[in-house]
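# Remarks on the overall topology
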Amino acid sequence: MSSVNAGPFWGNGPSPGAFYNFPGSSASAGGAVSARTETPGEFGTQRSYTPVTTGTSVVGLKFANGVIITADKLVSYGSLARFHDVDRVYKVNDKTIIGIGGDFADFQFIKRHIDQKVVDDMCLADKNELKPKSLYNWLTRVMYNRRSEFKPLYLDIVVGGMQDGEPFLGHVNLRGRAYTSNVVATGYGTHLALPLLREYSENPTAYAGLDKQKATELAKSVMEVLWYRDCRSDPKYSQAICTADGVQVDGHCFVKQNWNLATMIKGY
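Now for a description of the structure that goes with this document. Keep in mind it's a predicted model, so treat the numbers as computed, not measured.

The helix and strand tally for the protein chain stands at 5 helices and 15 strands. Sorting the 268 residues of the protein chain into buried and exposed places 38% on the buried side. Taking the intrachain contacts of the protein chain between residues at least 6 apart in sequence as the baseline, contacts between residues at least 24 apart amount to 61%. For the protein chain, the accessible area works out to roughly 15,800 Å², and carbon and sulfur atoms hold 54% of it.

One broad rule of soluble globular proteins: the nonpolar side chains tend to lie buried together. Of all hydrophobic cores here, the largest spans 24 residues; its most connected members are I98, F107, L135, L139 and L155. For this core, the secondary-structure elements that each account for two or more residues are β8 (89-93), β9 (96-103), α1 (104-124), α2 (132-148), β10 (155-163) and β11 (166-172). Here this core gets 5 residues from one element, more than from any other, and that element is α1. Once residues lying within four places of it in the same chain are set aside, the contact partners of F107 are Y90, I98, I100 and L155. With 21 residues, the next largest nonpolar core counts F63, A185, L197 and I241 among its residues.

On to the environment of H84. Take H84: it is sitting in the loop between β7 (80-83) and β8. Judged by relative accessible area, which is 35%, H84 ranks as partly exposed. Among the polar contacts made by the side chain of H84, one reaches the main-chain carbonyl oxygen of A81 at a distance of 3.0 Å. One polar contact links H84 to D234, side chain to side chain, over a distance of 3.2 Å.

This part covers the sheet that holds strand β13 (residues 183-185). The 5 strands lie next to each other as β13-β4-β5-β14-β15, forming an open sheet whose pairing is antiparallel. Two strands in the sheet have a free side with no partner beyond their single neighbour: β13 and β15 (246-254). Each adjacent strand pair in this sheet contributes to an overall mean axis angle of 15 degrees, direction not counted. Note: strand β14 (residues 236-243) against β15, 7 bridges, orientation antiparallel. In the strand pairing of β15, C242 is matched with V247.

We now examine the environment of K212. Position of K212 relative to the elements: it lies in helix α5 (residues 212-229). Between the C-alpha atom of K212 and that of A64, which follows or precedes it by 148 residues, the distance is 7.5 Å. Those residues in contact with K212 that lie beyond four places of it in its chain are F63, I241 and Q248.

Moving on, we get to the packing of α1 against α2. The geometry of α1 relative to α2 is characterised by a closest axis approach of 13 Å and an angle of 145 degrees between their N-to-C directions. The element α1 and its partner α2 pack so that their crossing is right-handed. From α1, F109, I110, H113, I114 and K117 reach across to α2, where they touch L135, W138, L139, V142 and R146. Its residues assigned to classes, the contact of α1 with α2 comprises 7 nonpolar, 1 polar and 2 charged.

The first and last C-alpha atoms of α1 sit 30 Å apart over 21 residues, in line with the 30 Å expected at 1.5 Å per residue. For α1, the complete set of buried residues consists of F104, D106, F107, I110, I114 and V118. Residues of α1 that are buried sit in contact with β3 (53-55), β6 (75-77), β8, β9, α2 and β10. Looking at where α1 begins, the residue whose side-chain oxygen comes 3.1 Å from the main-chain nitrogen of A105 is D103. One or two steps after α1, the chain reaches A125, where phi turns positive at roughly 50 degrees.

Enumeration according to the criterion identifies 4 aromatic pairs in this entry. Seen from their ring centres, Y136 and F168 are 5.3 Å apart, and the 70 degrees between their planes marks the pair as edge-to-face. In this pair, Y136 sits in helix α2 while F168 sits in strand β11, placing the two residues 32 residues apart along the sequence. Assigned by exposure class, Y136 and F168 land together as buried. Seen from their ring centres, Y228 and W259 are 4.9 Å apart, and the 70 degrees between their planes marks the pair as edge-to-face. Note that Y228 is positioned in helix α5 and W259 in the segment after β15, a separation of 31 residues in sequence. According to the relative accessible area criterion, Y228 is partly exposed, its value standing at 29%. On the basis of relative accessible area, W259 is assigned to the partly exposed category, the value being 48%. Taken together through their ring pairs, the aromatic side chains of Y90, F104 and F107 make up a single cluster. Stacked on the ring of Y90, the Lys or Arg K111 has its end atom at 4.9 Å from the ring centre.

Parameters and conventions
- Residues numbered from 1 in each chain as written.
- Predicted model: local features only at pLDDT ≥ 70, side-chain atom pairs only at ≥ 80, totals over all residues.
- Heavy atoms only, no water.
- Helix = DSSP H or I, 4+ residues; strand = E, 2+ residues; numbered from the N terminus.
- Buried < 20%, exposed > 50% of the residue type's maximum accessible area, 1.4 Å probe, protein only.
- Contact = heavy atoms within 4.5 Å.
- Areas by Shrake-Rupley, 256 points an atom, 1.4 Å probe, with all protein chains shown as cover.
- Core = buried A, V, L, I, M, F, W, Y, C linked by side-chain atoms within 4.5 Å.
- Polar contact = N/O pair within 3.5 Å; in protein donor to acceptor, adjacent residues only side chain to side chain.
- Pairing = 2+ DSSP bridges.
- Axes fitted to C-alpha atoms, helices over the stretch in contact; angles between N-to-C directions.
- Left-handed = near helix turned anticlockwise from the far one by under 90°.
- Nonpolar A, V, L, I, M, F, W, Y, C, P; charged D, E, K, R; others polar.
- Expected span 1.5 Å × (residues − 1).
- Phe/Tyr/Trp six-rings, centres within 6.5 Å; stacked < 30°, edge-to-face > 60°.
- Lys NZ or Arg CZ within 6 Å of the ring centre and 35° of its normal.

Okay, here's the thing in structure tokens:
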């Protein structure tokens, strides 16, 4: 054959190097606008206002001599459970850890800047490191600045670590609103995890005896509840623990599932 004709499957497809216009969507005079771009069009500059690839709950807990942050490893594409092995908890340095909920592309953007700050500290070699409270304050300014420019980063960030020998735990959201607490949760965990965590944090006797082992067990039970109740969660999760001895990151944690209750549910 001297020429190849496009079949019916490709007849409505994009030309090489172009984007596909999904059925029901329309492109403005300036062309199709992707989820994370700013393109001048018929109605002016259009910005993203809906996160696309997102992670769900992040849970943080202070204990007697450290901080633990946990998050499952699922990143969803809309309502599709698309990426099942993505770490959303990271070590920044030996004093600071961070957990991310929300749009993962936005986190990849801001993480490059955080990594560069760590590299700058290493290059200066002045024995000063990025401390958790410094990172927390910097993130509040960045998030509020982007919100004020109507270009928010769709993130819920949990920052933890050891600040001058004391545990630190804080939360920053896409509007730059920030607070510190003994327990922090984002997403669906705000409704399901915080009540379980506050049974310890608001009980002075129980909280005083909360060591690293008990905090790890408590975090595991919270992640189990989130797996049962949150349809955007996953049984695999990662956790980071920061103490005076340094940071430990475990990316291979797994919820011990128990579905025996299902045998008690009968159909109509």
